[in-house]
Each structure stands twice: as C-alpha cells, then as structure tokens.
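# Survey of secondary and tertiary structure
One-letter residues, chain by chain:
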Amino acid sequence: AELRARHDDVRKRAAAVLRDVATLRSEGPRLAVSMLREFASTEYWLRPENQIDIAQGHNNPLVSGELSDEDRKVSVAAAWSAGARVGGVAVIEQIDLVNLVEAKRAFTLTSKAGTEIEGATGALSLPAFTTAFAKVMNVPGHELAYLFMKIDHNSDGFVSWDEFLSFVIQSDKGYEASRVMDQAQLAYKPQPKPRIPEANGHRERVNRILYIASKNHYITTANDGTVRVWDATTLEHLQTTIVGQTWINDVAHLSDPGINKLAVSCTDRTVSFFELTSADLKKRYALYGRMVLLDLPLCLAYWTQGHVPMLGVGDDTGCVSVYDAKQLVQMVSKSGEGRTSLDSSASRRARLYSLKLHSDWVSTLVHVPHLHALLSSGMDATIKLTDLTRQHDVNGDGVLDEDEIFTLHTLRGHTKGVYTLVTLAVGGRQLGVSGSLDRKLLVWNLETGDEMASLEGHRSYVKQVCADEALERLISLASDGEIRVWELATFTCVQVISALGSEILQGCGAICFNPTHKCLVTAAKDITLWQPHKFFVPLDVIRATSLGPKGHKVPLVSVLYSQLYHLAITADEASIICVWDVHTGNQLFRFEHKEAILTCLSFDASLRRLVTGSDDGAVRFFNFSSGEQLRKCTVLTGGALGETRRDEVTAVLHIDEGGQDITVAVGWSRQIWLWSEDPDSLAPFGQAPPPRILSGHTSDILCVGFVAPVWLVTGSYDGEVFLWDLMHCDVKRRFVPATRPHPAISTPKPAKNGARSVGGGASGGGGVGGVG
C-alpha cells in the first residue's frame, strides 16, 4: 500500500510537469518529441496503462500518450546520441521525467508547517540551486553553477521554475537550430598543399592510409608494392620503401615501445616488418624481417591484451590467427636479420591460437577494447564480435572451431560481403559501422547486437569507412571515388563529395580520419587533407600549429576569469568570444561580437554579465553563457569637420556601489562616459539613457579603475593619471609624470580595417592593464 501510494504521488507529479511542458510548448507535437527525447522515463509515463490523463485542454498527441510509430522511432533513434554536448546542456541531458518531478519540488514553496503549497513555486539563488540540484543530478558543483548562469538569462541572480523548464525546452530547440547553422561550416573542404612531384607519388591507386602519431607521419600503401612516408604537417614526401613485386593488402602499426614496427601483409603470402625506432634515417622504415604463411593474409589488427601485445591476421580461409607480437618480432629478427624469411612452421611457435570465424575471406579486423573483443567481417556477409577472454582449445590443435569460440554477437543484415568496418563510442554506447558490396552502411549497437540504422545512397560498393567521434560523424568512400559524410544524431547524409570533375578524388582509393589534427585524409596516388570550413586555416598556420587550432585563430584582446562560475572568458581581434571550463580545459561556448570590432572586456559588478567595448564607441552587456545581448550604451561625438564620429573604447568598467549602478567607458574620445541605470528611464528596452561626460584628459585614455566608495581613476597615453569624485563629477587630483618617456600627443588613429589600439581593460584596485 505504501509503494502504491508513493507511485500515485509520483504519477500525479509527473502529470503536473507534463502539463507545464504542454503549456509552455506551442510548436506542436513533432518538436515536443524532439525536446522530450532525452527523458528516458517519458515513454513509461505516457503508456495508456498508467492512466495519466493529461490531455485535457489540448490535443497534443505527445502528452496524451498517442505517439505514432514514426515519433517513437525518432525518439529512440536520437536517445542514444545524448551526452556529447557541453556546458549546461550536457547537465540537462541527465534529466529524465522523474528528475523533473524532483526538480519541481526544489522550486515549490512550503508553509510554516513544512508542507508544500500546491501550485506555488518560487525562485532559487545560486547557492540554493546548486544545493537542491546536487541531490537530483550527480554532477560537480561548478557545472551546476554554469547551468544556473545559462538559465538566468537576465542575470538577476535568481532562477524560477518557469525559467528552468523553459530552458530545458529551449536547449533542445537551440541545439537543433545551431546544428543546422553549423552544417555549412562543418562541410569538408580540401586544404592547400604543396605541389608533389609525380615521381614521389604511387604508380598505382593507394589502398591504405595509416597515421603514426608518435612520428607525425602518414603511411600509404598501394598495389605497386611500395610503402611511402609523408610528413603529416607539410605533406612533404619523406621516403619510399619497396616491399616487393606484389600487391599490398593491409598495414598495421605495432605501437608497443618494445616493438615499434610496421607490419605489412601482401598477396605473396608474406607479412613484412619494417623498422621505426632506428636513429639512423637511412635505416628507418627499412625491412626488419619477414614471415611466410600458408594462407593469404588479407587484413591485420594490433592490440594489447593485459600486458601482452598481439597481432591478428585474417586470411582467405575465414580464419584469424592471433600471435604474440613481441615473440614474433624477436623470431623474425633472428631469421637472418631480415634477409631470410621466417617460414610458416617456425612462426607457429609465436601463434597463440587461430579462430575459425567465417566461411569466406576475412576482410577487416578491429579490436574493441571496451568489450575486450575482436570485431571481424567476412565476404560471407556476416560480422562477428568474439570475446577474446573466454577461448578454450578443447582438442589442443591450436585452432578454435565454432563450438570452442565464445561469440558475443553475430551480426547479420548485409546481403553481400562486408568489406570494411569501424568502431566508435558515442553517448556512452559502443557502436560499429559496416560497409558492404551491397552499397549499404549499417550502424550496430555492439553491446546488444542490434541494428540501429541503415545508411543508403552510394551507387557502388562501400570500400572504406572512418569516423570523426568528436563531431559524431561517419565518412564513407565508395569504389567510384564518391565520399559521403553522415551525421549519427539523425542518421542522414550531410555532405556528398563527388569524384566527377574532381582531380583530387579521381582514382581515390583510401580515406583516413586523423583525430589529432581533426582532418580527413584522402589518397589517390598522393595524399590530400580535408577540414571543415569551421577549422580551416592557411598553410603557414598549419605548419606552425600542426593542424590543431582550437578556440582562437588570431591574437587575443583580453582574458578574464570568473571566480563565481570558475570559467575563463577570452576574446580575440576577430571579435570571437570563447568560454572555457578551467577544470577540464574544454571550450563550453563560443559566440561572435557581431555589430563591431571588439576592443576590451570586463565583468559587471555582479560577475554575471560580460561588458564589452568596441571600435564603434559602444558598450554592450552580454549573457556570456548564451551570447544574448542584454543592453547597449552608446554616445556620438562630433568629428573635426562636423561629421558624426564614433570613438573607439579602450576600457570599460561597471560599478554597483551605494545603490548607484554606473557603467564607465573611456577611449579615443579623451572623455569619460558614465551611464546610470535608471529604472524609471523612458529609454527603449536594452538601450541606456544618454551618458554624463567628464572631460580633462588631453590624450587618449587607456585604462580605468574604481576605489570605493566614490573614487574613479583614469590613465592616458601621455602618462597622466586623474582621480575623479563620482559624487560631484569633478577632478580631485591630477598626477603628472616627472619625465615623459613618450611625447604628450595622442595615439595615432589607425584605419578601421582591423588595426588595434594600445590599451587594456578595466581594473578595480590595480589589476593588470588598469589603474589602482
């Protein structure tokens, strides 16, 4: 009876929350599904058998429980991709319907007797919010503080239930809008590259690309029997190693520090090993040793199990042979120091076991560390996920048959041979993606073995596939050279790069995604780098930064630290403002100061709003968690010929002292502008009333500071410091340097084409770049 009563209470509260959602949401059921797709418990509460009648007064099929199959499919398909967003939205994604019920309790007012007042909700301050929501969500306090800041859009220091629920709803809609806006910016474009002499390229089409992070090198192989090495930063050709008169099937890097070799499998039934550790450049990438196998080695995979480095070799009989990589390399080195091949009978001593997994060729091997398993694909149209920790050789022949192998999942969905595989982790789920001769890409949940989506669009068979986990995207290459980019959040194709008319993609045979440099690499006979336009940088910057720009690409104007939210705020000369989490170093938010070139930054007195100065003479207030402009202060000054002119602001300051709310700006006008916050002002919303103007400096003012209770301090380019009384708006002291290192003249006015002025930000009490 107690459990039934508790269930009824939660059900009642859930119905109330969903009514609130329905009241706030007016865009219709489709967007409502999109908003509630993160709430894991929503489907349970909307089941007809739970008898929650919340459809009275509106005909929203979501909250009446009448979800269509398509709506449910959209909801389920999108739910697994949660958890990748940053900042406050990542915290919101942990909220399901039951959490919302608990959240509303935090806002509910209580009587003096301690009982809840039905339907009455209040507002929470920052300490109350973090205390209450620490019980609802298991997240650090600084993340809750940042969430509070995002919800408190007007920066009044309080969050109400309506504000919180509106933010939950709008966060999803805002994410969807920003995702659509970013599509063009995230389209891959080819990077400029130096001209590569024809002699340095492969004679045949490249079939494999491998990035070696420790060397910052790209390795390419082709059917001309050569391995070529390229500098990953400049794309300069470094070396060509001849494997033999044979076709190369696959390549793998044995990255263990005690091994550090390159393994190459060929159609002459050999696996060759090449040196990577030699200090002698002539011996680096030289042949170290070679072993001969009875069967044709088609694919390779390297991994570490425990402390044992392992090499997997898939062959044309459907078997995967697993070797102790360190022992195998030692045996190869003893066989004539690379001059004599290790025969198949000798190499068996290093073989741990052989898995009979497929009835046809093994096309790809991928190790899945999270599951301690090996994912393999075959031309028999199957994919197998094999547990590597539970193998038992019953008859002791070293070959594990089907009844001796512990298979986690056998994935069937393709109608023809599976040609390529890739794995990735998205939203805490381990996914696999397969490409086949049937021209389809299938997305699998490797933990459950379920097929999640089928991606169709290629007109020829899928040759290779790679993944950009950071952007949750897949990149697939078809045999006709066409490249398609797929978004995992919606399972849709967001970009098609056609090989028709493209010299770069003519004959493209391999692709690779470099997570270090965040770029796509394609190869026909030489290599080309592709990056989203959002991350596109010139070649000279590529050389300087190794293709890894994050945040800003131009010099910074200002850096601030928020002790209230433990965030860093940076701004650059391109008027880009970035918000950083100092605990993780991650960029949480980024927005553009659009109306004018940004010149200086400061916090307001509450430390909740960002105050900016710009080259148009205006001061603006922003919510730096959302980029929303809250207020604008501006003044026009007359030019030398009577024209209207705006003077650049070099420092800004916000003062809240003794009931006075004052915004201060200084700059090239040589004047001090003071805007007072007047609740009874008739100025339009977001616009400040006309300022008071203080004059006295004869040179450009570069910095400003405040000393409570009434003292304002300003410093100018000629070295003079003025002490002002804000109560009477007059100068109390003037400090003139005994010697002037610079002439007492104004700062030269550069053109408005991006040149910067000398100057810093505001400081209260002698901060860097200010006056105390």
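The sections below set out a description of the structure shown in this document. Please read these numbers as outputs of a predicted model, since none were measured by experiment. (Residues numbered from 1 in each chain as written. Predicted model: local features only at pLDDT ≥ 70, side-chain atom pairs only at ≥ 80, totals over all residues. Heavy atoms only, no water.)

### Description of the pattern of salt bridges
The cut-off we apply is this: Salt bridge, as applied in this entry: a Lys or Arg side-chain nitrogen positioned within 4 Å of an Asp or Glu carboxyl oxygen. Note on conventions: DSSP H or I runs of at least 4 residues are helices, E runs of at least 2 residues are strands, and numbering of each starts at the N terminus. Each residue is placed in one exposure class: buried if its accessible area under a 1.4 Å probe, protein chains only, is under 20% of its type's maximum, exposed if it is over 50%, and partly exposed if it falls in between.
In total, this model carries 13 salt bridges according to the counting rule given. Across the pair K261 and E275 runs a salt bridge, and its minimum N-O distance is 3.6 Å. Pair noted here: K261 is in strand β11 (residues 261-266) and E275 is in strand β12 (residues 270-275), with a separation of 14 residues, a long-range link. A relative accessible area of 6% means that K261 is categorised as buried. Residue classification places E275 among the buried positions, given a relative accessible area of 12%.

### As for helix α8 (residues 141-151)
Counting buried positions over the eleven residues of α8 gives nine, a clear majority of the element. Residues of α8 that are buried: H142, L144, A145, Y146, L147, F148, M149, K150 and I151.

### Points about the environment of S272
Condition: Throughout, a contact is declared for two residues whenever any of their heavy atoms are within 4.5 Å.
Within the fold, S272 resides in strand β12. Sequence-wise, S272 and K261 are eleven residues apart; in three dimensions their C-alpha atoms are separated by 9.7 Å. Leave out the neighbours within four places in its chain, and S272 touches V243, L262, A263, V264, L287, G289 and R290.

### Thoughts on the packing of aromatic side chains
Where we set the bar: In summary, the pairing rule links any two rings of Phe, Tyr or Trp, Trp by its six-membered ring, whose centres are within 6.5 Å, and it sorts them by plane angle into stacked for under 30 degrees, edge-to-face for over 60 and tilted for everything else. To sit over a ring, a charge needs its Lys NZ or Arg CZ within 6 Å of the ring centre and within 35 degrees of the ring normal.
Counted under the stated rule, the structure contains nine aromatic pairs. With a centroid separation of 5.3 Å and an interplanar angle of 50°, the aromatic rings of Y211 and Y218 are classed as tilted. In this pair, the class of Y211 matches that of Y218, namely buried. Aromatic ring contacts, followed pair by pair, group Y565, F603 and F624 into a single cluster. Its guanidinium or amino end placed over the ring of Y288, K261 lies 4.5 Å from that ring's centre, counting from NZ or CZ.

### A few points about the pairing of strand β17 (residues 351-356)
To keep things clear, this is the line we draw: Whether two strands pair comes down to DSSP finding at least two bridges between them.
As paired strands, strand β16 (residues 319-324) and β17 are joined by five bridges and run antiparallel to one another. Across the sheet, V320 pairs through a bridge with L355, a residue of β17. Taken together, the two bridges between β17 and strand β21 (residues 399-400) define a ladder with parallel strand orientation. The partner of L355 across the bridge, within β21, is L400.

Worth remembering: the numbers are spatial, not functional.
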